[in-house]
Every structure is written in C-alpha cells, then in structure tokens.
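Observations on the model geometry
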Amino acid sequence: SAGSTTTKRFLNATEFLRRVAQLRFLLPNGSSRARSQERRGRVWRFESQSTSDLRDQVGSRKQLLRGRKERNKRPRCVTPPPTRGATMARLTKCVLALAVLGSVFCASEASSKQFNIVREIARDTPDNVMLEILGEVQMPFNRSAPNLMDLDLLSDFHREFSFMQDIGSEFDDANTFEATSVPFVAAIENAYIEGENGLVWDVEGNIYHEKNMFFERTSPNPMPTEVTANAIFQATKKTHYPLLATTIQRYGHMYYHFVVETLPKLVLLKEAGLPEGTKILMWGEPYEQKFLDILGIPKEAVVKYDPLKVYTADVLYFPTPTPRITPARESLEMTREVFLGAEEVLPEAERDLIIYCTRRDASTRSVANEAELLERIAAEFPNEKVVVYDNIDDVSALVDLFKRAKVIIGPHGAGLSHMLFAAPGTHILEFQFMRDPPMMFWHLAAALNQDYWLLPVPNAWWMQKEMEIPTEEVVDILSTMLQGETSSESC
C-alpha cells in the first residue's frame, strides 16, 4: 500500500542516516571520542534498575575514577599521531562505506517503484504500441555436436564448452536451440533508450525486457537509471528525435555481433518500411555504412549511439532482438536473402575455394606459425585453390568471395562471421581457444546447415596475443573434409 511504501522509505532513510553517522568513528579525530562514548554507554545504563543497583553502579563509577587518577600518576606511553597514510586509509574507508550505503539506499528506493515489465511484446502488447508482424514464428532446431578428432574432448571440456551456451557432453546429444521469437517491428510512443544494453522503456511505465534482448545467463536485466513517475519524459535531460529506430544491443559495436546480430534487425526495419525522416541508432563503427549502402540506408539517417546519453522519441521503432551469439535460423536466412539476392547458392562446381581467415594484423589470437601452416596446406593439397582473406571493403566483393567457399578456416575471430554468406554444406574449421570458448561459430554453422569442425588450442584464451597451431592436425582435418567431398561427388 502507499502508506507501507512511505513507511518503508522513511525507515530506509533513517537507517541510511544512522549508518552514515556511525562512520564518523572511522575518522582519526573521532576514534577516541567514539571509544569514550562507548565506555560511558557501558557504565551508565539505568533502564529497569533498582535503587540499590543504581547505588552499586555509582560506587563502581567512583572506583573507576579513582583508578584513572592512579593510572594518571604513572609514566604514560604517548601514542604517536596517525600518519598521513593511515589518515587517508581511514578516509578512503569512510568514502567507500558511504558509497555502498548510498547504493543500497537508492536501490531500495528504486525497487519500491512499480513498473510494467514487458517480456513478450507480441503477446502482451501495451496500449501505446503498434505492432507489425513480419513473418512466421521462429522454430527450434537441433545442433549436432562439434566435429573433433578426439571425441573425448566433449566430456573432458564440457564445462568450458558450456560457458556461454549449454552444449551436451555426448556426441549424439540434440543441443536444441530454443531461444525463438516472432519477427516484428514495434512502434512505441514516447519512448526512451539508454545504456550499453540499449534498454527501451516508455512514459507509461513499460520497461521492455523482451526475451533475447539481454544476456541473462551472466547478468541481470537492466533498469532505467532515473526512475520516477510519468513526468520523467519531460524532465529528463535527453537527446530527442520525433522518429527514431534502434538497433542497439550490447557488444553491437564488435564486428561479429554487427554482422550476425545487428544486420537481421536492420533487415526487419527495412522490411517494415520506416517513415521518411526516421533516424536509426547505430554504434557508428566505420565498417557499418558499407553494409547500410546495400540496404539503401543513407549516412544522414544514422545517429551514432552514446551509451552515456538518454535518447527519447515521439515514436521509437523497436525490432525483434537477436539472441547474443545465437541468432535464430530464420533471421539469418532473411539476411542472406537480402545480401545474396536471387543467386543465393552457387552450383557446387563453382564453390572451389579454401578460404583462410588471417588475423596477422590483429592484436589478439593471431597464428604464430601461420606462414608455415599455409605452406603446408599448399603442399598437401596442390589441386586446391587457397585464398587468404584479410579485409575487403567492398561488401559485394566480400559476399561473392564467401559464396565460392568450399572450406573456411581460421582462428576464432571476426573473419569467420562471413560464413553467413557461404552455402549450406560448407566446411568450417575454427582454431578455438579453450579457456571459456563462446562457441558462436558452432551455433552459426548449425543454423546455416554447415559442417563445423573444431581444433582446440589448449591454454589459449580470448585476449591471447598469439596461438601456436598444430599443422599436422589441420592437415588431418582438411583431409577428412575433402575426402568426404570426393566420396559425395563419386556418388
């Protein structure tokens, strides 16, 4: 009730001030006073005591004072004043304690507010939202276990493989993908967007915790930074646009997340047909515009997103979120249709390239023995065309290259994202670090019906500068892949 809520806030405030008052005893000048007050509190305690008890206590007080006089006559050891370092340490404790208590108090205040959490906008559409459904409901699908030369690795590294998504420890486990949704674009009136997660909410008190918008596996869903009543729309310091669309989700500024998570949302916005003059919130990375040109989105329509700002719009266009690192099959197929056009899959005879995605100029996860590895591949497979992919600015040329892929190889990194444009059945070989591997390319291959192989790199991790790759194992895996190609052609 309102009364109980007010009482709760008052008690929270009282408790907060009481704890702050206690903090003064951490300061150097207050420590002796605190001890003196504490002693007085122990000696003079009169509640529910008889007269004789009080008399005994007064006598004890006199004896205590006489004892102090005797002690004052003795030589005293003077404690040196606290050093500047000790004083600063105590002050630091005080500041930290104040910060913690303030956070607790504010969190308690925020938790007492009442909001409507919208978890499935297509099912529970608020009154101030117009919803356009743009396709069929996305369907679950099974994902075959990663191909490995040693299948015992699935059980030996089960905990590591399941760091960011659940992967079975047995080769025949289904590994069903179930993070499905409905393809839509929602037009939300008087809406906000803020923070690195791209949190959306509106003046009616609706907070859009749409499923797959946030990565709940590792962190709780965010809340607005400023929580008040409906008047916040007028009161908040904000950057305002009449018509605004958002593509913002966490890590969207990174290339892989842009290609397989943001592009599907841009395709939905294009399919919905945004009104003229609508601005689109993007992370503003240099590579984005070359993809936007293919979609017919001019540079002038893009607003570079600042996670430290609050953006507002009379109408905000909000597309179906993409699950982080595990996009739905339907959203990937829709994106392929837009970028590949009518000739989505080349004939098998024209898919003749082994594409190696290098990271030689990257700051992390480059292959230390890359030159040796490429020489060995060329020597072992002289009849194969090996292309080293580094970077291609022209998106059409980039798509055309990966449409011709028979095999795509490389260390975990953004270059492998272009398997999105490769045909079903393409072989993928990833050099995967084994300290908390995210396994997003395994999922991507399963969604695209591609053949995924994993070469584990023990003791390597995401931010490692270089990885040493065993050339013999690469050759063995390539031989297995290509033998399968030969046998299927002979059939």
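The following refers to the structure shown. No experiment lies behind these values; they were computed from the predicted model shown.

Thresholds applied
Going along each chain's sequence as written, the residues are numbered from 1 onward. This being a predicted model, a pLDDT of at least 70 is required before a residue's local features are given, and a value of 80 or more before pairs of side-chain atoms are given or counted; all residues contribute to the totals for chains, interfaces and linings. As a rule here, side-chain values cover all heavy atoms of the structure and leave hydrogens and water aside. What counts as a helix is a DSSP run of H or I of at least four residues, what counts as a strand is a run of E of at least two, and both are numbered from the N terminus. Between buried and exposed lies partly exposed: a residue is buried under 20% and exposed over 50% of the maximum accessible area for its type, with that area taken using a 1.4 Å probe on protein chains only. The contact criterion used throughout is that any non-hydrogen atoms of two residues lie within 4.5 Å. Each accessible area value is a Shrake-Rupley result obtained with a 1.4 Å probe; residue values ignore everything except the protein chains displayed when judging cover. To estimate the expected span of a helix, subtract one from its residue number and multiply by 1.5 Å. In this description, the arc belongs to the directions extending from the helix axis to the C-beta atoms. The term nonpolar core refers to a set of buried residues drawn from Ala, Val, Leu, Ile, Met, Phe, Trp, Tyr and Cys, joined through side-chain atoms within 4.5 Å. Between rings of Phe, Tyr and Trp, where Trp is taken as its six-membered ring, a pair exists when centres lie within 6.5 Å; planes separated by under 30 degrees are stacked, by over 60 edge-to-face, and by other angles tilted. Any Lys NZ or Arg CZ found within 6 Å of a ring centre and within 35 degrees of that ring's normal is scored as a charge over the ring. A carboxyl oxygen of Asp or Glu within 4 Å of a side-chain nitrogen of Lys or Arg is what we treat as a salt bridge. Orientation is described by axes fitted as lines to C-alpha atoms, over the contacting stretch for helices, and by angles from 0 to 180 degrees between their N-to-C directions. Geometric relationships in this document are graded by angle, where less than 35 degrees denotes roughly parallel, more than 145 denotes roughly antiparallel, 65 to 115 denotes roughly perpendicular, and other angles denote oblique. Polar contact is defined as a pair of N or O atoms within 3.5 Å, subject to the rule that within protein one atom must be able to donate a hydrogen and the other to accept it, and that residues adjacent in sequence are counted only when both atoms are side-chain atoms. When DSSP finds two or more bridges between a pair of strands, those strands are recorded as paired.

What to know about the overall build of the protein
- When its secondary structure is counted, the protein shows 14 helices and 16 strands.
- Sorting the 491 residues of the protein into buried and exposed places 45% on the buried side.
- Considering only residue pairs separated by 6 or more positions, the protein has 75% of its internal contacts joining residues 24 or more positions apart.
- About 25600 Å² of surface is accessible on the protein, with carbon and sulfur atoms providing 53% of the total.

Examining helix α10 (residues 329-340)
- Taking 1.5 Å as the rise per residue, α10 with 12 residues should run 16 Å; its terminal C-alpha atoms sit 16 Å apart, in good agreement.
- Among the residues of α10, Arg 329, Ser 331, Leu 332, Thr 335, Arg 336, Phe 339 and Leu 340 are the ones counted as buried. Considered in projection along α10, the buried side chains sweep an arc of 160° and stay on one side of the axis.
- Looking at the packing, one finds that the buried side of α10 touches α8 (255-272), α9 (288-295), α12 (395-403) and α13 (440-447).
- With its phi angle positive at about 75°, Gly 341 sits one or two positions after the end of α10.

Some remarks on the nonpolar core
- Counting 69 residues, the largest nonpolar core has Leu 266, Phe 291, Phe 402 and Ile 408 as the members making the most contacts within it.
- Tallying contributions element by element places α8 first for this core, with 11 residues.
- Residues Trp 201, Leu 244, Trp 283 and Tyr 311 belong to the second largest nonpolar core, which totals 28 residues.

Considerations on the environment of Val 185
- Relative to the helices and strands, Val 185 resides in strand β3 (residues 184-194).
- Along the chain, Val 185 and Leu 131 lie 54 residues apart, while their C-alpha atoms are 6.1 Å from each other.
- Here Val 185 is in contact with Met 130, Leu 131, Glu 132, Leu 134, Leu 268, Leu 269, Ala 272, Tyr 317, Phe 318 and Pro 319, once residues within four sequence places are set aside.

Some points on the packing of aromatic side chains
- Evaluation of the coordinates by the stated rule reveals 14 aromatic pairs.
- Both rings, one in Phe 184 and one in Phe 318, keep their centres 6.4 Å apart while their planes meet at 55°; by these two values the pair is tilted. Note that Phe 184 is positioned in strand β3 and Phe 318 in strand β9 (residues 310-319), a separation of 134 residues in sequence. Judged on exposure class, the residue Phe 184 and its partner Phe 318 are both buried.
- Put simply, the rings of Tyr 255, Phe 258, Tyr 287, Phe 291, Phe 339 and Phe 421 touch in pairs and so form one group of aromatic residues.
- In this arrangement the basic side chain of Arg 329 is found over the ring face of Phe 141, its NZ or CZ atom lying 4.2 Å from the centre.

With respect to the pattern of salt bridges
- Tallied over the entire structure, the rule returns 13 salt bridges.
- Arg 123 is the salt-bridge partner of Glu 120, the closest N and O atoms lying 3.5 Å from each other.
- Residue Arg 123 is classed as exposed on the basis of its relative accessible area, which comes to 56%.
- Taking the shortest distance from any N to any O, the salt bridge between Glu 120 and Lys 211 comes out at 3.9 Å. Note that Glu 120 is positioned in the loop between β1 (116-118) and β2 (129-133) and Lys 211 in the loop between β5 (206-208) and α7 (232-235), a separation of 91 residues in sequence.
- What makes Glu 120 partly exposed here is its relative accessible area of 26%.

Things to note about the packing of α8 against α10
- Here α8 crosses α10 at 70°, and the two axes come no closer than 9 Å. Looking at the two axes, α8 sits roughly perpendicular to α10. For the pair α8 and α10, the contacting residues are Val 260, Leu 263, Pro 264, Val 267 and Leu 268 in the first and Ser 331, Leu 332, Met 334, Thr 335, Val 338 and Phe 339 in the second.

Some thoughts on the side chain of His 443
- Position of His 443 among the secondary structure elements: in helix α13.
- Here His 443 falls in the buried class, since its relative accessible area comes to 0%.
- Looking at His 443, its side chain comes within polar contact range of the main-chain oxygen of Pro 327, at 2.8 Å.
- The residues touching His 443, leaving out its near neighbours within four places in the chain, are Phe 141, Arg 143, Gln 165, Phe 177, Ile 325, Thr 326 and Pro 327.

Focus on the sheet that holds strand β15 (residues 451-457)
- Across the sheet, which stays open at both edges, the five strands sit in the order β12-β10-β13-β14-β15 with parallel pairing between neighbours. Of all strands in the sheet, those bounded by a partner on one side alone are β12 (385-389) and β15. The sheet shows a mean angle of 20° between the axes of neighbouring strands, direction not considered.
- In terms of strand pairing, strand β10 (residues 353-357) meets strand β13 (residues 405-411) through four bridges, oriented parallel.

Considerations on the side chain of Gln 432
- Mapped onto the fold, Gln 432 is located in strand β14 (residues 427-433).
- What makes Gln 432 buried here is its relative accessible area of 0%.
- There is a polar contact of 3.1 Å between the side chain of Gln 432 and the side chain of Glu 430.

Here we look at the pairing of strand β6 (residues 239-246)
- Inspection of the sheet shows β6 paired to β9 by six bridges, in the parallel sense. Bridge pairing in β9 links Thr 239 to Tyr 311.

A look at unusual backbone geometry
- Phi at Asp 436 takes a positive value of approximately 60°, unusual for a residue other than glycine.
- Assignment of secondary structure puts Asp 436 in the loop between β14 and α13.
- Phi at Asn 459 is positive, roughly 65°, even though this residue is not glycine.
- With respect to the helices and strands, the residue Asn 459 is situated in the loop between β15 and β16 (466-467).
- Take Asn 459: its relative accessible area is 67%, and that puts it in the exposed class.

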